[in-house]
Amino acid sequence: QVQLVESGGGLVQAGGSLRLSCAASGRTFSSYDMAWFRQPPGKEREFVAGVTWTVGNTNYAESVKGRFDISRDNAKNMVDLQMNSLKPEDTALYYCAAGRSGSYRPVHRWQYSYWGQGTQVTVSS
């Protein structure tokens, strides 16, 4: 069982930066793939960025490549998402997720079993 709590959301102007953090409970955090998903208003939840548990492979949605950076600290049971050059289209509820799919590229919702409650990110133009 893993419990996830997100923090760091807020309101920022376009071009600004935010850092989201996800604190995980559980002694086996290091054996989970971790990811951030987001759900814009009126749209489906979508993959943003992920980091696998094995060698720490990272994956990013095309829309955030070069702007967002995901990192994990297994000693602290934390995974962060640094978001730079934010755009209004990045506005969404951001969720932290944990899973054990066994995939080398877990980018789908069904590959994650545990979810946080979400943190709102709003980017004004």
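Cut-off values and rules
Residues numbered from 1 in each chain as written. Predicted model: local features only at pLDDT ≥ 70, side-chain atom pairs only at ≥ 80, totals over all residues. Heavy atoms only, no water. Helix = DSSP H or I, 4+ residues; strand = E, 2+ residues; numbered from the N terminus. Contact = heavy atoms within 4.5 Å. Disulfide = S-S within 2.5 Å. Salt bridge = Lys/Arg side-chain N within 4 Å of Asp/Glu carboxyl O. Buried < 20%, exposed > 50% of the residue type's maximum accessible area, 1.4 Å probe, protein only.

### Things to note about the environment of Tyr114
(1) Moving on: Considering the arrangement of structural elements, one finds Tyr114 in strand 10 (residues 114–115).
(2) Moving on: The spatial distance from the C-alpha of Tyr114 to the C-alpha of Gln3 is 7.1 Å, given a sequence separation of 111 residues.
(3) Moving on: With residues near it in sequence (within four places) discarded, Tyr114 still touches Gln1, Val2, Leu4, Tyr32, Cys96, Ala97 and Ala98.

### A short note on the state of the cysteines
(1) Moving on: Under the criterion given, the structure shown has one disulfide.
(2) Moving on: Paired through a disulfide, Cys22 and Cys96 show a sulfur-sulfur distance of 2.1 Å. Disulfide Cys22-Cys96: the torsion about the S-S bond is -85°, which places it as left-handed. With a gap of 74 residues between them, Cys22 in strand 3 (residues 18–24) and Cys96 in strand 9 (residues 92–99) connect regions that are remote in the sequence.

### Examining the pattern of salt bridges
(1) Moving on: On inspection of all chains with the given rule, the structure shows five salt bridges.
(2) Moving on: Between Arg38 and Asp90 there is a salt bridge; the shortest N-O distance is 2.9 Å. With Arg38 in strand 4 (residues 33–39) and Asp90 in the loop between strand 8 (78–83) and strand 9, the pair connects residues that are 52 residues apart, well separated along the chain.
(3) Moving on: The buried category is assigned to Arg38, whose relative accessible area is 4%.
(4) Moving on: In this structure Asp90 comes out as buried when scored by relative accessible area, which is 1%.

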